[in-house]
Amino acid sequence: MRRIELTVTPDGRVPVPYSDGYSLYAALLAALDDVDASVSARVHDAPFGSLHTSGLLGTFGTTDREHHKLLLPDRQYEIALGVVDPGDQDVFEALVTALVFDGDTLELTDGTISVDAFESRRVSREDLLAEAGEYDDPSLSVDFRSPTCIEERGAVTTMFPHRGAVFASLLGAWNRSLPDDADHLELDLTRETVEANVIEKPNPQSYDTHSVLVNRFEDDDGETRPEFRQGFTAECVYEFKNATESVRNAVTTLALFGEFGGVGSAVARGCGAVSVEVASK
């Protein structure tokens, strides 16, 4: 698995949609397609979100253009990418070629952003399990940096960093994205166990809700319609109460995994970006 962090600068005052993750994802797919069309197609068609994008993170200006905000030329912005596809090396190499070697720019709809810095970290699932096991009674500080949309039943979305919803989503993503030969790494953890042994402590001042454009589709009448998801941003600390070592290790591993795969749905289109800090109490 890979986590890639980009620092970018716009080429001017560039308008981008409020839901910029959707347009950024399209720009990344186009850049990948120029390098390797098969990799771009695999990322697009993956049954799970094999490429996670955070969207653009930073300070934005205002514009009279409806449903848009401005990238400012005197500001730098962050983009975090996560690659959890078992064939991540191909995806990573294509991203490096597209964003570093073939020209350090990304073409958005209304302007260009330049890549100033490209950093990456590669870990295995065994690495995350080992790291989680190093903490004694850990406390997990999770910053949900981009709207996190956790759909649990049909179109009903959890709009709060509830421990059950968050870790059930992470558990599903972890197990679904395991390589074919890694069944021994499957995590056996129930939602009931999480809810009985984990406490969430959200920061109310940080909490906000969002409606995010994640796709456009053609309806039965041939008209293009937007698809929205509902989500939240927040800072939340998760702590343990009477949890066994195996439960602590599994939950901590899933929190660390969130930095690579994101949390919830539409993670390829800018949703569910988190940063995680783990400390022993």
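This is a predicted model, so every value here is computed, not measured.

How each quantity is defined
- Residues numbered from 1 in each chain as written.
- Predicted model: local features only at pLDDT ≥ 70, side-chain atom pairs only at ≥ 80, totals over all residues.
- Heavy atoms only, no water.
- Helix = DSSP H or I, 4+ residues; strand = E, 2+ residues; numbered from the N terminus.
- Expected span 1.5 Å × (residues − 1).
- Buried < 20%, exposed > 50% of the residue type's maximum accessible area, 1.4 Å probe, protein only.
- Contact = heavy atoms within 4.5 Å.
- Pairing = 2+ DSSP bridges.
- Axes fitted to C-alpha atoms, helices over the stretch in contact; angles between N-to-C directions.
- Core = buried A, V, L, I, M, F, W, Y, C linked by side-chain atoms within 4.5 Å.
- Parallel < 35°, antiparallel > 145°, perpendicular 65-115°, else oblique.
- Nonpolar A, V, L, I, M, F, W, Y, C, P; charged D, E, K, R; others polar.
- Phe/Tyr/Trp six-rings, centres within 6.5 Å; stacked < 30°, edge-to-face > 60°.
- Lys NZ or Arg CZ within 6 Å of the ring centre and 35° of its normal.

Participant: Is there a simple way to explain helix H1 (residues 20–35) in this structure?
Facilitator: Because each turn of an α-helix spans 3.6 residues, side chains separated by three or four positions end up pointing in the same direction. Here H1 spans 23 Å end to end across 16 residues, near enough to the 22 Å set by a 1.5 Å rise per residue. If you check which residues of H1 are buried, you get Asp20, Gly21, Ser23, Leu24, Tyr25, Ala27, Leu28, Leu29, Ala31 and Leu32.

Participant: Just checking my understanding: could you explain the side chain of Ser40 for this structure?
Facilitator: Relative to the elements of secondary structure, Ser40 occurs in helix H2 (residues 37–45). For Ser40, a relative accessible area of 8% gives the class buried. Among all residues touching Ser40, those that are not within four sequence positions of it are Leu29, Leu32 and Asp33.

Participant: In this structure, what is going on with the sheet that holds strand E1 (residues 2–10)? I would like to understand it.
Facilitator: Consider a sheet: its strands pair through backbone hydrogen bonds, and that pairing is either parallel or antiparallel. A sheet is described by the order of its strands in space; here five strands give the open sequence E3-E5-E1-E7-E6, paired in antiparallel fashion. A strand with exactly one partner marks an edge of an open sheet, and here the two such strands are strand E3 (51–53) and strand E6 (105–108). Neighbour-to-neighbour, the strand axes of the sheet open up by a mean angle of 30°, direction not taken into account. Against the sheet, helix H3 (residues 88–101) touches E1, E3, strand E5 (77–83), E6 and strand E7 (111–122), its axis set at about 140° to E7.

Participant: Explanation requested: the nonpolar core in the structure shown.
Facilitator: Side chains of nonpolar character tend, in soluble globular proteins, to be buried together. Ranked by internal contacts, the top residues of the largest apolar core, which has 39 residues, are Phe144, Phe167, Tyr238 and Val251. Looking at this core, the elements that each hand over two or more residues are strand E8 (138–148), helix H5 (163–176), strand E13 (224–240), helix H7 (245–261) and strand E14 (274–280). Excluding anything up to four places from it in sequence, Tyr238 contacts Pro138, Ser139, Leu140, Val142, Phe144, Pro161, Arg163, Val166, Phe167, Val198, Ile199 and Glu200. Within the second largest apolar cluster, 35 residues are counted, among which are Ala31, Leu51, Ile79 and Ala268.

Participant: Just to check I follow, could you spell out the environment of Ile4 for this structure?
Facilitator: Looking at the secondary structure, you find Ile4 in strand E1. Residues Ile4 and Val96, spaced 92 residues apart in sequence, show a C-alpha to C-alpha distance of 9.7 Å. Those residues in contact with Ile4, other than ones at most four positions away along the chain, are Ile79, Ala80, Leu81, Val83, Phe92, Leu95, Phe118, Glu119 and Ser120.

Participant: Is there a simple way to think about the packing of H5 against H7 in this case?
Facilitator: Think of two packed helices as two axes; the pair is described by the angle between the axes and how far apart they sit. Direction vectors running N to C along H5 and H7 enclose 75°, while the axes themselves pass 9 Å from each other. With respect to each other, H5 and H7 are oriented roughly perpendicular. Two secondary-structure elements touch here, H5 through Phe167, Leu170, Leu171, Ala173 and Trp174 and H7 through Val251, Thr253, Leu254, Ala255, Phe257 and Gly258. Among the residues making up the contact of H5 with H7, the classes are represented as nine nonpolar, two polar and no charged.

Participant: Could you clarify how one ought to interpret the packing of aromatic side chains in this entry?
Facilitator: What describes a pair of aromatic rings is the distance from one ring centre to the other and the angle between the planes of the rings. Under the criterion given, the structure shown has six aromatic pairs. Ring geometry for Phe60 against Tyr77: centres 5.3 Å apart, planes inclined by 40°, an arrangement best described as tilted. Here Phe60 is found in the loop between E3 and strand E4 (68–71), whereas its partner Tyr77 is found in strand E5, with 17 residues between them in sequence. Judged by relative accessible area, Phe60 falls into the partly exposed class, the value being 24%. Overall, Tyr77 belongs to the buried group, its relative accessible area being 1%. Ring geometry for Phe160 against Tyr207: centres 6.0 Å apart, planes inclined by 55°, an arrangement best described as tilted. Of the two residues, Phe160 is situated in the loop between strand E10 (156–158) and H5 and Tyr207 in the loop between strand E11 (198–202) and strand E12 (208–218); the sequence distance between them amounts to 47 residues. Residue Phe160 is classed as partly exposed on the basis of its relative accessible area of 34%. The ring of Phe92 has Arg2 lying over it, and the distance from NZ or CZ to the ring centre is 3.7 Å. Positioned over the ring face of Phe60 is Lys69, at 4.0 Å from the centre of the ring.

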